[in-house]
Amino acid sequence: MSHVVVVGSINMDLVTLAPRFAGPGETLLGERFLTVHGGKGANQAVAAARLGAKVSLVGALGDDAFGDQLHEGLGREGVDLTHVRRIAEMGSGTASITVAGGENQIIVVPGANACVTPADVEAAAETMRHADAVLVQMEIPPASVEATLRLGQQLGVPVILNPAPARQLPLAWLQLARYVTPNQHELAILLGEEQGADAQDFRALMRRAPCPLVLTRGAEGAWYRDRDDAEPLHQPGFKVEVVDSTGAGDTFNAALAVFLHEGLAVAVRKACATAALSVTRLGAQGGMPKLDELERWLATQG
Ligand code: RIB
């Protein structure tokens, strides 16, 4: 069983299903509204736990009703919450999400996630020391992301940096990570591209990144290279009917961490498959498969 430590955000997702996205100043009638558990850190923790990993989460919740529900939900999934702090007089993180035609738009209000400190990360050092992999994303303060990268390096534990939501990052951070896992848009931004992120040739972008990379390409799968001077290899995507792509990147990252000990190529293939299954159902965590479902499905894919 692999042991994964996730350092990251925990949100309540307020999801509206709509026929299409509203334009500026426009009001639309939606089709359905639901509250589901999310946050990039929590999603990665849940996805890894469903794949059979031992998972510890480092993060923060408010002292509100959302915080209670999220805490209980993560506990039910078997995630160790020793390092999740409850913050007094603070709301939990929320994400307002519109889903239309399988795509999503998301606005995150960090709430308690903004209170995750480098000291919280360091307090989890003993747990991290025994981990096979650590996952961290960008919905907690940058100083805490950096503390995670530095601690991972100090302890000799591989850290997977998922640079989402997109922002420009110090190149030194990229070199502290074992793998950086952007999509094309995030890669362009983290390298300081000012415009045309999606129009860029992703292979040219990959060549400019000074670190081992796993680049996610949605339905097209992923491109990866283990060293920063190696030619990228391609793992094609799996064909599925997309209901909701929210959390697909989180599921991918979690599977990558869980299966990393089987080698990068195997881990990327399983990560693509796990993410593909996750988009076939509604909600960030709603479609994340358990290990036996993944294995049965992969056996049908040749
Ligand atoms: O990656 C998907 C997640 O991003 C959602 O669950 C939402 O909470 C935001 O953090």
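The structure we're discussing is the one just above.
Presented here is an overview of the structure given in this document. (Residues numbered from 1 in each chain as written. Predicted model: local features only at pLDDT ≥ 70, side-chain atom pairs only at ≥ 80, totals over all residues. Heavy atoms only, no water.)

### A closer look at the overall build of the protein chain
Okay, so step 1: Assigned secondary structure in the protein chain consists of eleven helices and 13 strands.
Okay, so step 2: The C-alpha radius of gyration computed for the protein chain amounts to 18 Å, which stays within 12% of the reference 19 Å derived for 302 residues, consistent with globular compactness.
Okay, so step 3: With the C-alpha coordinates aligned to their principal axes, the bounding extent of the protein chain is approximately 50 × 45 × 40 Å.
Okay, so step 4: Within the protein chain, buried positions represent 55% of all 302 residues.
Okay, so step 5: Across the protein chain, the fraction of contacts at a sequence separation of at least 24, relative to all contacts at a separation of at least 6, is 64%.
Okay, so step 6: For the protein chain, the accessible area works out to roughly 12900 Å², and carbon and sulfur atoms hold 52% of it.
Okay, so step 7: Computing the positive centroid from 24 side-chain charges and the negative centroid from 34, the protein chain places the two 5 Å apart. (Helix = DSSP H or I, 4+ residues; strand = E, 2+ residues; numbered from the N terminus. Rg over C-alpha atoms; globule rule 2.2 N^0.38 Å. Buried < 20%, exposed > 50% of the residue type's maximum accessible area, 1.4 Å probe, protein only. Contact = heavy atoms within 4.5 Å. Areas by Shrake-Rupley, 256 points an atom, 1.4 Å probe, with all protein chains shown as cover. Lys, Arg positive; Asp, Glu negative; His and termini not counted. Charge placed at Lys NZ, Arg CZ, Asp CG, Glu CD.)

### Section: the environment of Leu171
Okay, so step 1: The topology assignment puts Leu171 in helix α6 (residues 171-176).
Okay, so step 2: Assessed through its relative accessible area of 47%, Leu171 is described here as partly exposed.
Okay, so step 3: For the pair Leu171 and Ala124, spaced 47 residues apart in the sequence, the C-alpha separation amounts to 25 Å.

### Thoughts on the side chain of Asp244
Okay, so step 1: Mapped onto the fold, Asp244 is located in the loop between β13 (233-235) and α9 (248-259).
Okay, so step 2: Buried charge without a partner: Asp244 forms no salt bridge, and the closest opposite charge is Arg32, 9.4 Å away.
Okay, so step 3: A distance of 2.6 Å separates a polar atom in the side chain of Asp244 from a polar atom in the side chain of Thr246.
Okay, so step 4: Among the polar contacts made by the side chain of Asp244, one reaches the main-chain amide nitrogen of Gly283 at a distance of 2.9 Å.
Okay, so step 5: Asp244 has contacts with Val99, Gly102, Ser278, Val279, Arg281, Leu282 and Gly283, leaving out every residue within four places of it along the chain. (Salt bridge = Lys/Arg side-chain N within 4 Å of Asp/Glu carboxyl O. Polar contact = N/O pair within 3.5 Å; in protein donor to acceptor, adjacent residues only side chain to side chain.)

### A few points about the site of the ligand
Okay, so step 1: Neighbouring residues of the ligand: 13 residues in total, closest Asp13, Gly39, Lys40, Glu139 and Asp250.
Okay, so step 2: The contact in question runs from an oxygen atom of the ligand to an N or O atom on the side chain of Glu139, over 2.7 Å.
Okay, so step 3: Separating an oxygen atom of the ligand from a side-chain N or O atom of Asp250 is a distance of 2.7 Å.
Okay, so step 4: The fraction of the free accessible surface of the ligand (280 Å²) that becomes covered by protein chains is 96%. (Near = heavy atom within 4 Å.)

### Some remarks on the packing of helix α1 (residues 40-50) against α9
Okay, so step 1: Here α1 crosses α9 at 50°, and the two axes come no closer than 8 Å. If you check the angle between α1 and α9, you find them oblique. Pair α1 / α9 crosses with right-handed handedness. Of the residues in α9, those touching α1 at Lys40, Asn43, Gln44, Ala47 and Ala48 are Asp250, Thr251, Asn253, Ala254 and Val258.
Okay, so step 2: Residues that form the contact of α1 with α9 fall into these classes: four nonpolar, four polar and two charged. (Axes fitted to C-alpha atoms, helices over the stretch in contact; angles between N-to-C directions. Parallel < 35°, antiparallel > 145°, perpendicular 65-115°, else oblique. Left-handed = near helix turned anticlockwise from the far one by under 90°. Nonpolar A, V, L, I, M, F, W, Y, C, P; charged D, E, K, R; others polar.)

### A word on the packing of aromatic side chains
Okay, so step 1: Inspection of the entire model under this criterion finds two aromatic pairs.
Okay, so step 2: With a centroid separation of 5.4 Å and an interplanar angle of 55°, the aromatic rings of Phe202 and Trp223 are classed as tilted. Here the residue Phe202 occupies a position in helix α8 (residues 202-208), and Trp223 occupies one in strand β12 (residues 222-225), the gap between them amounting to 21 residues.
Okay, so step 3: Their ring planes at 55° and their centres at 5.5 Å tell us that Phe238 and Trp297 sit as a pair that is tilted. Of this pair, Phe238 sits in the loop between β13 and α9 while Trp297 is found in helix α11 (residues 291-299), placing the two residues 59 residues apart along the sequence. With respect to class, Phe238 is no different from Trp297; both count as buried. (Phe/Tyr/Trp six-rings, centres within 6.5 Å; stacked < 30°, edge-to-face > 60°.)

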